[in-house]
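Each chain is listed here by its residues.
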Amino acid sequence: MVNHMIPSTLEEALSIIQDGTYMILAGGTDLMVQHRSAAQTPPRFKKNVCYINHIKELNYIVTDETSLHIGALTTLETMVHSNLVPKLLKDVISDIASPGIRNLATLAGNICNASPAGDTLVYLYAVDASVCLQSIHQKRIIPIQEFIIGPRKTIIKPDEIMTEIIIPNRHDEYQKWVKVGPRKADAISKVSLIGLATCQDDTIVDFRMAWGAVYQTVLRKPDIEKQIIGTKTRDLYKIQDHIINAYDPWIQPIDDQRSTKVYRKKVAINLLIDFIASIGKE
Amino acid sequence: MKDISKSIPKVDNPEKLSGRARYVSDYEIPGLYYAKTLRSIYPYANFHVNKPSLPEGYYIIDASHLPYKNVVKMIEEDWKVFADQEVNYIGEPILLVIGQDQEVIQNILSQIEVIYEPKQPTFDQGHVVITKSYQKGDPKRAFDDADQIIEERFETGYQEQAYIEPQGMIAYPETDDKITLIGSIQCPYYVKNAVLEALGYDDKNVRVIQPAVGGAFGGKEEFPSMIACQLAVAVHHLHVPIKMIYEREEDMISTTKRHPSYITIQAAIKNNHITAFKTHVSINGGAYIGLSSVVLSRAMLAATSAYTITNLDVTGDVYLTHTVPTGAFRGFGAPQMIFAVDMMIEHLAKRLKIDSLTFRMSHLAKQNDLTSTSGLFRDPIIMPKMVEKAIKMSDYIEKSKRYHHPLSYQGIGMSFFLHGCGFTGSGEAEHIHAKVKLIKDEKDDVYIEVATVDMGQGQLTTLKKIVEHVLDRQDIHVIYEGADTDDVPDSGPTVASRTTMIVGGLLARAALKLKQSWKSHEKMEIIESYVQPEYMKWNEEKLQGDAYPAYSWGVNVVEVEVNPITYEVNLKHIWSVYDIGKVIDVRLALGQADGGIAQGVAFGYLEKMDVREGKVIHKNFTDYIIPTSKDVCPTETIFMDNPYALGPYGAKGLGELTLVGGAPAVALAIEMAIKKPIHKIPATPEMIMELIEHED
Amino acid sequence: MKIKCVLNNQIIEHDTDPSRRLLDVLRDELHLKGTKEGCGEGECGACAILLDGHIAHSCLMPFAHVKDRKITTIEGFSKTPQYHVIEEAMIEEGGSQCGICSPGMILAAQSLLTQNPHPTEDEVREALTGNLCRCTGYNMIIKAIVRAAKRGEGLW
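Just so you know, these numbers come straight off a predicted model, no measurement behind them.

A. Main features of the overall build of chain C. Assigned secondary structure in chain C consists of 6 helices and 5 strands. Along the chain direction, N to C, the helices and strands of chain C fall in the order β-β-α-β-β-β-α-α-α-α-α. For 156 residues, the compact-globule estimate of 2.2 N^0.38 gives 15 Å, and chain C sits close to it at 15 Å. Principal-axis analysis of the C-alpha atoms gives chain C an extent of 45 × 30 × 20 Å. Counting all 156 residues of chain C, 71% fall into the buried class. Taking the intrachain contacts of chain C between residues at least 6 apart in sequence as the baseline, contacts between residues at least 24 apart amount to 56%. Working note: accessible area of chain C is about 4900 Å², and carbon and sulfur atoms make up 49% of it. Of the side chains in chain C, 17 bear a positive and 21 a negative charge, and the two mean positions are spaced by 3 Å.

B. How the structure looks around the sheet that holds strand β11 (residues 206-209) of chain B. Residue and element names in this part refer to chain B. Across the sheet, which stays open at both edges, the 7 strands sit in the order β3-β5-β1-β12-β9-β10-β11 with mixed pairing between neighbours. Strands at the two margins of the open sheet, each flanked by one partner only, are β3 (59-62) and β11. Strand-to-strand twist of the sheet, defined as the mean angle between neighbouring strand axes without regard to direction, takes the value 25°. Two elements, strand β10 (residues 178-183) and β11, share 4 bridges in a ladder whose sense is parallel. Across the sheet, the residue bridging to I179 is V206, located in β11. This element, helix α2 (residues 102-111), spans β1 (33-39) and β5 (93-99) of the sheet and lies at about 25° to β1. The sheet strands contacting helix α5 (residues 224-238) are β1, β3, β5, β9 (168-175), β10 and β12 (242-245), and the helix crosses β9 at an angle near 35°.

C. Main features of the pairing of strand β24 (residues 569-579) of chain B. Residues and elements named next belong to chain B. Taking burial as the measure, the 11 residues of β24 include 9 buried ones, the bulk of the element. Taken together, the 10 bridges between strand β23 (residues 550-562) and β24 define a ladder with antiparallel strand orientation. Residue pairing across strands places V562 opposite V569, the latter belonging to β24. The antiparallel hairpin formed by β23 and β24 contains 6 residues in its connecting segment, where Y567 sits at a positive phi of about 65°. Both β24 and strand β27 (residues 635-639) contribute to a ladder of 5 bridges, which runs parallel. The partner of Y578 across the bridge, within β27, is F639.

D. A look at the pairing of strand β2 (residues 10-15) of chain C. Residues and elements named next belong to chain C. Strand direction decides the pairing type here: strand β1 (residues 2-7) and β2, joined by 6 bridges, are antiparallel. Across the sheet, the residue bridging to V6 is I11, located in β2. In this antiparallel pair of consecutive strands, β1 and β2, the connection spans 2 residues, and N8 shows a positive phi of 50°.

E. Expanded view of the packing of helix α4 (residues 188-199) of chain B against α5(B). Residue and element names in this part refer to chain B. Two elements in contact, α4 and α5, have axes whose closest approach is 9 Å; the angle formed by their N-to-C orientations is 45°. What the angle tells us is that α4 and α5 run oblique. The element α4 and its partner α5 pack so that their crossing is right-handed. Together, Y190, V191, A194, V195, A198 and L199 of α4 and P224, S225, A228, C229, A232, V233 and H236 of α5 make up the contact between the two elements. A per-class count over the contact of α4 with α5 returns 11 nonpolar, 2 polar and no charged.

F. Geometry of the packing of helix α3 (residues 81-93) of chain C against helix α6 (residues 139-151) of chain C. All names here are of chain C. The contact between α3 and α6 brings their axes to 8 Å, and the two run at 135°. The orientation of α3 with respect to α6, classified from their angle, is oblique. Seen along the crossing, α3 lies across α6 with a hand that is right-handed. Residues V85, I86, E88, A89, M90, E92 and E93 of α3 form the contact with α6, whose participating residues are M140, I141, K143, A144, R147, A148 and R151. Partitioned by chemical class, the residues of the contact of α3 with α6 number 8 nonpolar, no polar and 6 charged.

G. Representation of the side chain of T424(B). Residue and element names in this part refer to chain B. Along the polypeptide, T424 turns up in the loop between β16 (410-421) and α12 (427-432). For T424, a relative accessible area of 10% translates into the label buried. Reaching out from T424, the side chain makes a polar contact with the side chain of Y548 at a distance of 3.0 Å. Aside from chain neighbours lying at most four places away, what touches T424 is V294, S297, R298, L301, A547 and Y548.

H. Quick look at empty space enclosed by the protein. Residues and elements named next belong to chain B. Scanning all chains against the criterion turns up 11 cavities of 30 Å³ or more. If you add up the space inside the largest cavity, you get close to 660 Å³. Every residue lining the largest cavity is counted, 45 residues in all, and those nearest its centre are Q457, S497, Q592, G655 and E656. Elements with a contribution of two residues or more to the lining of the largest cavity: α7 (292-301), α13 (459-471), α14 (499-516) and α15 (586-605). Broken down by class, the residue content of the lining of the largest cavity amounts to 20 nonpolar, 17 polar and 8 charged.

I. Inspection of helix α1 (residues 10-17) of chain A at higher detail. Residue and element names in this part refer to chain A. Along α1, the positions that sit buried rather than exposed are L10, A13, L14, I16 and I17. Along the axis of α1, the buried positions cluster into a sector of 160°, meaning they face one direction only. Summarising the contacts, the buried residues of α1 are in contact with β1 (4-5), β2 (22-25), β3 (48-51), β6 (130-134) and β10 (161-168).

J. Region of interest: the sheet that holds β10(A). Residue and element names in this part refer to chain A. Strand order in the open sheet made by the 5 strands is β4-β5-β10-β6-β7, with antiparallel pairing throughout. In the strand order of this sheet, the two ends are held by β4 (61-63) and β7 (139-143), each with one partner. Here the strands of the sheet are splayed against their neighbours by 25° on average, with no regard to which way each runs. With 5 bridges joining them, strand β5 (residues 67-71) and β10 adopt antiparallel strand pairing. When the sheet's bridge partners are listed, L68 is paired in β10 with I167.

K. Focus on the interface of chain B and chain C. Counting residues at the interface gives 53 residues for chain B and 45 residues for chain C. The junction of chain B with chain C conceals about 3800 Å² of combined surface from both sides, 54% of it contributed by carbon and sulfur atoms. Contact with chain C buries surface across chain B, with L17(B), I164(B) and S629(B) losing the most and accounting together for 20% of the total. Here chain B and chain C share 6 salt bridges between them. Of the charged contacts in the structure, one is a salt bridge between E126(C) and K630(B), with a shortest N-O distance of 2.8 Å. Summed over the shared surface of chain B and chain C, the result is 27 residue pairs in polar contact (both at pLDDT 80 or more). It is α15(B) that provides the largest number of residues to the side of chain B that touches chain C, a total of 8 residues. Here the side of chain B that touches chain C is composed, by residue class, of 22 nonpolar, 18 polar and 13 charged.

L. A look at the interface of chain A and chain B. Chain A puts 29 residues into the contact, and the matching count from chain B is 29 residues. Both faces considered, chain A and chain B share a buried interface measuring about 2400 Å² in area, 54% of it formed by carbon and sulfur atoms. The largest per-residue losses of area from chain A upon contact with chain B belong to R183(A), K184(A) and Q257(A), which jointly make up 27% of the total buried on that side. At the surface where chain A touches chain B, the tally comes to 3 salt bridges.

M. Fine view of unusual backbone geometry. Backbone torsion omega between I681(B) and P682(B) reads 10°, so that peptide bond is classified as cis. Among the structural elements, P682(B) can be located in the loop between β28 (680-681) and α18 (685-693). Positioned with a positive phi, H521(B) is a non-glycine residue whose angle comes to about 60°. One can find H521(B) in the loop between α14 and β20 (524-529). Notably, D52(C) is not glycine yet its phi reads approximately 50°, a positive angle. Counting through the fold element by element, D52(C) comes out in the loop between β3 (48-51) and β4 (54-57).

N. Molecular detail of the nonpolar core. In this structure, F207(A), W211(A), F277(B), F416(B), W553(B), V560(B) and I670(B) are the most contacted members of the largest nonpolar core, which totals 146 residues. In terms of residue count, helix α8 (residues 334-352) of chain B provides more of this core than any other element does, 12 residues in total. If you look at the next biggest cluster of nonpolar residues, it comprises 103 residues, including A162(B), F329(B), C39(C) and L112(C).

O. Fine view of the pattern of salt bridges. Residue and element names in this part refer to chain A. Summed over the entire model, instances satisfying the criterion amount to 76 salt bridges over all chains. In this structure, D128 engages R208 in a salt bridge whose closest nitrogen and oxygen atoms are separated by 2.9 Å. Taken together, the residues span a long stretch of sequence, with D128 in the loop between α7 (119-126) and β6 and R208 in strand β13 (residues 203-212) at a distance of 80 residues. The exposure class assigned to D128 is partly exposed, which follows from its relative accessible area of 32%.

How each quantity is defined
Residues numbered from 1 in each chain as written. Chains lettered and ligands numbered in written order. Predicted model: local features only at pLDDT ≥ 70, side-chain atom pairs only at ≥ 80, totals over all residues. Heavy atoms only, no water. Helix = DSSP H or I, 4+ residues; strand = E, 2+ residues; numbered from the N terminus. Rg over C-alpha atoms; globule rule 2.2 N^0.38 Å. Buried < 20%, exposed > 50% of the residue type's maximum accessible area, 1.4 Å probe, protein only. Contact = heavy atoms within 4.5 Å. Areas by Shrake-Rupley, 256 points an atom, 1.4 Å probe, with all protein chains shown as cover. Lys, Arg positive; Asp, Glu negative; His and termini not counted. Charge placed at Lys NZ, Arg CZ, Asp CG, Glu CD. Pairing = 2+ DSSP bridges. Axes fitted to C-alpha atoms, helices over the stretch in contact; angles between N-to-C directions. Parallel < 35°, antiparallel > 145°, perpendicular 65-115°, else oblique. Left-handed = near helix turned anticlockwise from the far one by under 90°. Nonpolar A, V, L, I, M, F, W, Y, C, P; charged D, E, K, R; others polar. Polar contact = N/O pair within 3.5 Å; in protein donor to acceptor, adjacent residues only side chain to side chain. 1 Å grid on protein atoms, 1.4 Å probe; cavity = no way out; pocket = protein on both sides within 12 Å on 5 of 7 lines; lining within 4 Å. Points joined across faces, edges and corners; volume = space filled by probe spheres on them. Arc of directions from axis to C-beta. Buried area = accessible area lost by both parts, 1.4 Å probe. Salt bridge = Lys/Arg side-chain N within 4 Å of Asp/Glu carboxyl O. Core = buried A, V, L, I, M, F, W, Y, C linked by side-chain atoms within 4.5 Å.

Scope: geometric values only; no functional claims are made or implied.
Below you can see the structure in the form of structure tokens.
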């Protein structure tokens, strides 16, 4: 017999969950499917459930001089319609699931689910986002790369709630989001890519690349990116093979019901080449 | 007298749009019990069940409860109501747990211990159970005389009907000795007859009622008979109402789907013309034969599709594997063969360096040609006009030239096809004996009593329209409610594109008789029975003669663009031209055209169901990919009249025609885009990548 | 647990397991059968309802979700003038065949038009991505919604 609690404030929620026996349920779009039982029966939750969906104070989108702050209960669809959310992130979110799911799902929930194919995660890794975790005792801010440690594994503690996602303000000259799925909508990614680059005086001053669904977590290699920064755009083609060879051993997709590793690898590399080729053009 | 083709509002729109329509799952019955199925987890094994002690009010029903026969009556009677000591596929039903609380039922299911002794399953093509063959002309001579012999091999995969309403049924004791069933079904009398056979009941003691049906596409043709027998057996013992609705995954892993096929075509070429085909088709029947024999027949009969090939040697077989049994799905064997034939025609033209359109036209069937089975194409064939129209609509020739450019990733593909209307061969005359009834009461209301089912195709509207048009009276009401076997005669199943042509045809004749003998304010009843057209001569054993009373024809053109970076296929536009004799309602026909081509094209490039070691891998809507609103493209469809003398107002069959040509059209478009030949569908991006990147 | 919400414009307080799917509460406990189950995993949209006017899949929502929220099912929506405009357009364009997806499609249309009264065809297509249809091939449904938007000037 599990307990069901529906707190109205964050303080209430943190108090409820401090014994570590509660599962946090926000939008529920992942958890209700993962725990589902037969039709006409309630889901089989193994832990007590704290439904945080009614904590209004966690539903916000605000900016300050350095970052965009997204409250944990902001739905994906709210983000798509907000003037404060960068277009690239809106493009990513628009490719996720469908309106009926996006009206329930939260960015926080998406992050805590930590799927290797998670589309928002690819963006968040590329822009060095962080998350804020709160328990009744403390508040900590963790970079996303440290928050997710493996497929569906995060470092969130049983007495913590993710309260906010922090996205640094950026301006990238070249921005690319590609989602490769089995169909044009409502699909889980086979491969996905975020590419960001900025040039100054025909030289690359910033370069970031992140892939989804080709590794245990989002794949981003800042040390390879550093090797590209400083290159003149007209010399990019000279180092293209070097870049591919550097990334190649890290792109380790699997065969599963959605696709094959050879396809995913080939497309991941194709997307890299295509992004590099677009830098310095137009 | 207005043109019947002119659209009228679909009669069931108000209740369907407002959510008031009652599908089987919506029925609430006092004292209802639920049933859930325990299924095999091994593809091939002996088993016995250790049943736990059950709480009060919960029951297990299995093979031991069958009062008469453990058989689900289908064409071949090898399906069992419940597995009995041996299972032959993962998902095969072993027993039902019945009770009033679904959570308790789930608990009981998890406590039941099934002891399996696994045996070595068969997954390859080794276990052949049916073979058929027919010939035309002198194929041996044609091959001996040939300038060239070219052989190609084709492969098609599973396709899941994916009706949005899952399978489901209710059975309840209407009286002490009568059982009534309400089900999401296509064939009320198939269900009734199956229950009669399994229970050994008298005809008057089983009743089948058809509610609103949320899509079927053949998936609810024979399969529901099994659910019906299971529930009827349970009601026979327990005398309570019982409802069983399948979960989506359960439906996907355990119900019938399209037969995967291997097709080899050898062509004899003489003077740049095909003089013979030697064709072999192998279809995977899964664990049980069911109606695979008829699917095989239809596939074999489609061996020349819309073309005339003078000499034929056509063989086919059904092989069984320890996998989910395959069954009826819109097209019923024809989509597989039509894919192979049109790819072959196009590939042959390429090899012979002849313009493919010219090559196609030079083989196109003409009136008075012999069909594949040496019957006759008696009726006018307007394909040349249809092809001309399709080319104009799509700008096929110009685009073809442009897209053949080596750097273009665009493609345009065309398919020519036919579909035999009605049950294959002697089915109507020898097995179905369709009957329809019109009843007129004292108020002069006319009731249509037929056993065919509206599953979305709109026959509640079209059949009513036919009767109203014939009666041509403003002052009366024609009423057509769903089928109830207590009231309606057996008009045959809602399959094989026969409803409008055969059942509608019978209703037109009945309505004419009613009109001519009309007695105001008097009760009247007209029954009309199917009579096989005189000209049809069919030898089922030799597969020779007139396989179908009439043929509908089609041309599809599909334009695509392939993404060279991701190998994804983007559908740009689809154009179709169809000859279905006479359109009974334009809007409904266009709806069938849009829905059919979406399914047919998806069969060619999108829908993939793998079965590995007997396990269905793609078993829910997340993994089995059907088109969403963004995956379809603009369509343009034209129907050209070519009235068939024996169809109501000249109508022929429509339901399957609009699916069967989609796969080759899209596959040929992709071929043109990627400059590589395709032999296997679905042509997924993974496959396209392999074709482009790996030179064979 | 007693949970209060507004259902089809009426305030209700319903006592049930808060984790029970809204879909099951609607169909089995509140006897509203217009919302359908097609897949149970949020893919097909047959279970769609309006949550504060926005489309949401009720098979994914624990009943706890609806606390103090406004829920509209097809039963409630079909009494509105907006429904009648959409219904008429669906009839004229042939947007319904077997009908099982129709309530969900209609609520998806309402959700879209509330936010965007003059959608392009592409925007309509996008709004329907969570509603699967196997019968129509979608184009007639999309035409119907575009037509309804044009006709229903002032309603949205």
